[in-house]
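# Breakdown of the fold
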Amino acid sequence: MQAVIAVLLIGSGVAAFVAVLRRRFVLATVAGFSMAPTLHPGDRLLVRRASLSRLRVGDIVVVVPDARMAGPRPRTGYVIKRLAAVPGDLVPEHVPSPSNTQVPPGWMAILGDNPDASHDSRDYGLVTQKRLVGVVVRAIGT
């Protein structure tokens, strides 16, 4: 009887631990060449959920796309880009923005490392923080 109780307790502990991890982390897969040479198609990424206020320019971020981000082909999954500007920063060159000076609160600019293959803020402008999933912690294999 004690063995059964121990197994049930361990099982419920593992389930609780997995539930906490799923709320804090997400897995994403790179689908295109916009982040080459840093990331390549098929790379799997561990993403920590985070708010925009905790991120820095240069971080690789994951966002949920909206209709503007679809680009030349229908988009499924996530958009993975480098954070180029946060609220209060100057809007990067070639990024359309209603305010040509600073990124407004609640917005960010994201750019691919490979401009020739990237559909990013240069094309669709600033992105709302509501679309932010999190920051890439590390690549975990292809």
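Basis of the calculations
- Residues numbered from 1 in each chain as written.
- Predicted model: local features only at pLDDT ≥ 70, side-chain atom pairs only at ≥ 80, totals over all residues.
- Heavy atoms only, no water.
- Helix = DSSP H or I, 4+ residues; strand = E, 2+ residues; numbered from the N terminus.
- Buried < 20%, exposed > 50% of the residue type's maximum accessible area, 1.4 Å probe, protein only.
- Salt bridge = Lys/Arg side-chain N within 4 Å of Asp/Glu carboxyl O.

## Structural notes on unusual backbone geometry
Excluding glycine, residues mostly carry a negative phi; peptide bonds, for their part, are mostly trans. Looking along the chain, the bond that leaves Ala 36 and enters Pro 37 is cis, with omega of 5 degrees. For Pro 37, the location among the structural elements is in the loop between strand E1 (25–29) and strand E2 (44–49). Not every positive phi belongs to a glycine, and His 94 is a case in point at roughly 75 degrees. When you line up the elements, His 94 lands in the loop between strand E4 (79–85) and strand E5 (107–111). According to the relative accessible area criterion, His 94 is exposed, its value standing at 59%.

## Considerations on the pattern of salt bridges
Considering all chains together, one arrives at four salt bridges under this definition. The salt bridge partner of Asp 66 is Arg 131, with a shortest N-O separation of 3.9 Å. Highlighted residues: Asp 66 in the loop between strand E3 (60–63) and E4 and Arg 131 in the loop between strand E6 (127–128) and strand E7 (132–141), separated in sequence by 65 residues. When its relative accessible area of 27% is taken as the criterion, Arg 131 is described as partly exposed. Ionic pairing is found between Arg 82 and Asp 113, a salt bridge with its closest N-O pair at 2.8 Å. Taken as a pair, Arg 82 in strand E4 and Asp 113 in the loop between E5 and helix H2 (121–124) lie far apart in primary sequence, 31 residues in all. Several salt bridges share partner residues, and in doing so they unite Asp 66, Arg 68 and Arg 131 into one network.

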